[in-house]
Amino acid sequence: MKLAVVSHKVCWSSPEAPGFYRTDGGFPLQIKAISELFDETRVVVPCEVMLDEKGVSPLIGNNLQVSPLSVPKGQNFRRKIDMPFWLLKNGRHIWREIRRADAVHAPIPGDVGTIGMLFALVLRKPLFVRHCGNWLVPRTVAEHFWKWTMERFAGGRNVMLATGGTDNPPSEKNPHVEWIFSTSLRRSQIAAGRPLKLPDDGGLKLLAACRQEEGKGTDIVIKSLPLILKKFPGATLEVVGGGSFINDLEALAERLNVRNKVFFRGKVEQMKVIETMKKAHVFCFPTQASEGFPKVVLEALACGLPVITTKVSVLPQLIGENCGVLLEEPTAENLAAAVEIVCADAETYARLSAAAVAKAQLYSLENWRDSIGETLRRSWKVGSLSSLTGSTQVF
């Protein structure tokens, strides 16, 4: 069975990379896992020449090829203005790739994925849409449109998956919309995780890893550091991730006289994030932003890090009472108090760390892939998505 993946995710041509293309984030890992379900996968994405190889990974998979599109111009409003012209240039290519495919995957939010979704609906192709944003809190017109479309068309050949998870189904309007978690960790990576111990020398290492934007909470972590240092004088903070808020965070650390305690690592590839986590002791994620299923929190749990975070989206289900602390309100004072709770004594810390590793084992990339595969086989009424193991006829 041939799958076409249509996404806005920009990839970069890189002649020396396996597969000749690279991209960042969890996208290459998840697409590789999805490709393992199918005979052939064509990834239809905007591509440009590689300029900076920091924080990127090869886009490879089972019989996977990249079908490049041009990159839309501009950001935000300018991009919206340019999209009709971009579609005139690229629409025929997307249409052709979808027509030749047996099934289509459209990750959204994203304008290119939306085009892929609409083309697949028109061509009546077996479709699965994966909503990767915050399903529960649509804020923009586009977010309301994506949610309406998924609720309107879910069922039969149209598989609609919302990233997240609560005790209630995603939609009261259409029971065919289903939850799916998000991850970028293989079982072998999670199995390598071990419960951690508090440092004997008092050198507590805090970590804040995410895209560094306003609302993600790294500023709150920095503000808490002077308070934390009173209890743990040897504490330091690693800040991982790029973003528009970096300069503000560096200036904040200077104003609070903790610049020598905060280390800004910038954008790094996923495996280096994992390596950094393995050297840390507490993961701090006091986000106030709209979150779907933050993979970075799951990665921290897999590395044995107790997590201090907020009651946003799926985070209460991930952290609970055993894997860290859920803040009632994301303030510097509350975060500093939570660090004291987590690191109160060696026994408390070891218990939280062990629970973190155990929780992560439920969310492997293989479990994610197999869950999606089972949903697709059930909805599309096929014995298998691959001709290697069975019939692929879609009814």
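Residues numbered from 1 in each chain as written. Predicted model: local features only at pLDDT ≥ 70, side-chain atom pairs only at ≥ 80, totals over all residues. Heavy atoms only, no water.

## Examining the overall build of the protein chain
Quick note on the threshold: Put simply, DSSP H or I for four residues or longer makes a helix, DSSP E for two residues or longer makes a strand, and each gets a number counted from the N terminus. Each residue is assigned to one of three classes by its accessible area relative to the maximum for its type, calculated with a 1.4 Å probe on protein chains only: buried under 20%, partly exposed between the two thresholds, exposed over 50%. In this analysis, two residues are considered to be in contact whenever any of their non-hydrogen atoms come within 4.5 Å of each other. Residue exposure ignores everything except the shown protein chains as possible cover, and the areas themselves are Shrake-Rupley values with a 1.4 Å probe. Charge counting treats Lys and Arg as positive and Asp and Glu as negative, with His and both chain ends excluded. Every charge is mapped to an atom, namely NZ of Lys, CZ of Arg, CG of Asp or CD of Glu.
When helices and strands are tallied, the protein chain shows 13 helices and 16 strands. Taking the principal axes of the C-alpha coordinates as reference, the protein chain spans close to 65 × 40 × 40 Å. The proportion of buried residues among the 395 residues of the protein chain is 55%. Within the protein chain, residue pairs in contact and separated by at least 24 positions form 69% of the contacts whose partners lie at least 6 positions apart. For the protein chain, the accessible area works out to roughly 18000 Å², and carbon and sulfur atoms hold 52% of it. Separation of charge centres in the protein chain, based on 49 positive and 40 negative side chains, amounts to 6 Å.

## Looking at the pattern of salt bridges
Where we set the bar: Between Lys or Arg on one side and Asp or Glu on the other, a salt bridge is scored when a side-chain nitrogen of the former is within 4 Å of a carboxyl oxygen of the latter.
Taken as a whole, this structure holds 16 salt bridges when the rule is applied. A salt bridge links Arg186 to Glu366; the shortest N-O distance between them is 3.6 Å. Here Arg186, found in the loop between β10 (177–180) and α5 (187–191), pairs with Glu366, found in helix α13 (residues 365–380); they are 180 residues apart in sequence, far enough to count as distant. Both residues of the pair, Arg186 and Glu366, count as buried.

## Let's talk about the packing of helix α6 (residues 218–231) against helix α7 (residues 246–255)
To keep it simple, the criterion reads: Here an axis means a line fitted to C-alpha atoms, over the contact stretch when the element is a helix, while the angle between two N-to-C directions is reported on a 0 to 180 degree scale. Orientation is classified from the angle alone, with under 35 degrees giving roughly parallel, over 145 giving roughly antiparallel, 65 to 115 giving roughly perpendicular, and any other angle giving oblique. Each residue gets one of three labels, nonpolar for Ala, Val, Leu, Ile, Met, Phe, Trp, Tyr, Cys and Pro, charged for Asp, Glu, Lys and Arg, and polar for the others, Gly among them.
The interhelical angle for the contact between α6 and α7, taken along N-to-C directions, is 10°, at an axis separation of 10 Å. By the angle class used here, α6 and α7 are roughly parallel. Contacts between α6 and α7 involve Thr218, Asp219, Ile222 and Lys223 from the first element and Leu249, Leu252 and Ala253 from the second. Along the lines of polarity and charge, the residues of the contact of α6 with α7 split into four nonpolar, one polar and two charged.

## Section: empty space enclosed by the protein
The probe, sized like a water molecule, is rolled over the atoms to show the empty space still left. To keep it simple, the criterion reads: Buriedness of a pocket was judged along seven lines, with at least five required to meet protein on both sides within 12 Å; pockets are open sets of points on a 1 Å grid over the protein atoms alone, cavities are sets where a 1.4 Å probe fits but cannot get out, and lining residues have an atom within 4 Å of a point. Grid points are joined across faces, edges and corners, and a volume is the space filled by probe spheres set on the points.
Within the structure shown, the criterion is met by three cavities of 30 Å³ or more. If you trace the largest cavity, you find it lined by Leu185, Gln189, Ala192, Gly193, Ile274, Lys278, Ala302 and Cys303.

## Remarks on the side chain of Thr23
We apply this condition: We define a polar contact as two N or O atoms separated by no more than 3.5 Å, with the added condition that, inside protein, one atom must be a possible hydrogen donor and the other a possible acceptor, whereas residues neighbouring each other in sequence contribute only through side-chain atom pairs.
Structurally, the position occupied by Thr23 is in strand β3 (residues 21–24). Of the residues examined, Thr23 reaches a relative accessible area of 0% and is grouped as buried. From its side chain, Thr23 meets the backbone oxygen of Val10 in a polar contact 2.9 Å long.

## Describing the side chain of Thr287
The topology assignment puts Thr287 in the loop between β14 (282–285) and α9 (295–302). If near-sequence neighbours (up to four positions away) are discounted, Thr287 is found in contact with Gly215, Lys216, Thr309, Thr310, Val312 and Leu315.

## Here we look at the packing of helix α3 (residues 111–122) against helix α4 (residues 141–153)
We count it as follows: By convention the crossing between two helices is left-handed if the near helix lies anticlockwise of the far one by an angle smaller than a right angle, and right-handed if it lies clockwise.
Contact geometry for α3 and α4: axes closest at 12 Å, N-to-C directions at 25°. Regarding the angle of α3 to α4, the classification is roughly parallel. Both α3 and α4 take part in a crossing whose hand is left-handed. Contacts between α3 and α4 pair Thr114, Met117, Leu118 and Leu121 from the former with Phe145, Trp146, Thr149 and Phe153 from the latter. Taken together, the residues of the contact of α3 with α4 sort by class into six nonpolar, two polar and no charged.

## A few points about the sheet that holds strand β13 (residues 262–266)
What counts here: In this scheme, strands are said to pair when DSSP sees at least two bridges between them.
One open sheet holds the six strands; their spatial order is β13-β12-β11-β14-β15-β16, and the pairing between them is parallel. For this open sheet the edge positions go to β13 and β16 (324–327), each flanked by a neighbour on one side alone. The average undirected angle you get between the axes of adjacent strands in this sheet is 20°. Across three bridges, the pairing between β14 and strand β15 (residues 307–310) is parallel.

## Points about unusual backbone geometry
In this structure, Pro109 follows Ile108 across a cis peptide bond, with omega equal to 5°. Here Pro109 is to be found in the loop between β7 (103–108) and α3. Backbone geometry places Arg124, a non-glycine residue, at a positive phi of 55°. Take Arg124: it is sitting in the loop between α3 and β8 (127–131). Look at Arg124 and you get exposed, because its relative accessible area is 56%. Of note in the backbone geometry, Asn257 takes a positive phi value of approximately 60° without being a glycine. Note on placement: Asn257 falls in the loop between α7 and β13. Judged by relative accessible area, Asn257 falls into the exposed class, the value being 67%.

## So, the state of the cysteines
Put simply, the rule reads: Any cysteine sulfur atom paired with another within 2.5 Å is treated as part of a disulfide.
Inspection of the entire model under this criterion finds zero disulfides. In this model Cys343 remains outside any disulfide bridge; the closest cysteine sulfur is found in Cys284, 9.0 Å from its own. Classification of Cys343 as buried rests on a relative accessible area of 6%.

Any link to function would need more than the numbers given here.
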